[in-house]
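Structure assessment
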Amino acid sequence: IPIEAIKGKKVLDYGSGNGRDARELIKRGAIVDVCDIAEVNLKYVKENTIGLNQAFLLERSNKIPVADETYDFINLNGVLHHIEDGKSVLKELNRILKKEGIIYIMVYSEGLFKIHLPHIIESIKKNHDLRWENEFGKLTDTCNYSTFYNSFELVRLLIDNGFKAKFVGDFHNGQFRVVSGVKV
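Structure report, in brief. It should be emphasised that the depicted structure is a prediction, and the values quoted were computed from it without experimental measurement. (Residues numbered from 1 in each chain as written. Predicted model: local features only at pLDDT ≥ 70, side-chain atom pairs only at ≥ 80, totals over all residues. Heavy atoms only, no water.)

**Let's talk about the side chain of Thr 140**
Inspection of the secondary structure assignment puts Thr 140 in helix 6 (residues 132–141). Side-chain polar atoms of Thr 140 contact the side chain of Ser 146, separated by 3.1 Å. (Helix = DSSP H or I, 4+ residues; strand = E, 2+ residues; numbered from the N terminus. Polar contact = N/O pair within 3.5 Å; in protein donor to acceptor, adjacent residues only side chain to side chain.)

Written out as structure tokens, the structure is:
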């Protein structure tokens, strides 16, 4: 993320986890709010992040208690692939992102899924009621749900929710995918 894109800007780190990204964004001069579904994560971020602006606990509705067009930049680093209804999240993020604001998303790609596919198949053979998304979640992050996005799906998700894709690329041998977009 170029410094000029965030310095002095209001930024939301959506799904902040332990606050690693929030701390880096603050170092680069951003005014940072965080949100997460886990109270323990928010407690840790508040205790270990100097210069944090606000922290919000996400409810099931994914609603963030801020006014429309509050943020200049929204960061979703390693979050969207853990959310079953990514469309509703992006709709809410569109609401709170300023016009021409930037959204940055990093997700799992099919490359990471293919690495875990043999194990997922074996698990499903043993338990036919198992959903591949649940097993993939256990394997990648010890969570209940993970999916992956191909480039088309990710760009389509942005477009369908009022964003224009600006960049799409893969990294770490194609296991992860990033996309940045602008609110139109």
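Back to the text.
**Describing the environment of Ile 50**
Mapped onto the secondary structure, Ile 50 falls in the loop between helix 3 (39–48) and strand 3 (54–57). Linking Ile 50 and Tyr 71, residues 21 residues apart in sequence, is a C-alpha distance of 20 Å.

**Section: the packing of aromatic side chains**
Using the criterion set out here, one finds 8 aromatic pairs in the structure. On the numbers, 5.9 Å between centres and 55 degrees between planes, the contact of Tyr 108 with Phe 176 is tilted. Here Tyr 108, found in strand 5 (residues 97–108), pairs with Phe 176, found in strand 7 (residues 176–183); they are 68 residues apart in sequence, far enough to count as distant. Relative accessible area serves as the criterion here: at 17%, Phe 176 is assigned to the buried category. Both rings, one in Trp 132 and one in Phe 148, keep their centres 5.7 Å apart while their planes meet at 45 degrees; by these two values the pair is tilted. Of this pair, Trp 132 sits in helix 6 while Phe 148 sits in the loop between helix 6 and helix 7 (151–160), and the two are 16 residues apart along the sequence. An aromatic cluster of three or more residues is present, and its members are Tyr 108, Phe 113, Trp 132, Phe 136, Phe 148, Phe 171 and Phe 176. (Phe/Tyr/Trp six-rings, centres within 6.5 Å; stacked < 30°, edge-to-face > 60°. Buried < 20%, exposed > 50% of the residue type's maximum accessible area, 1.4 Å probe, protein only.)

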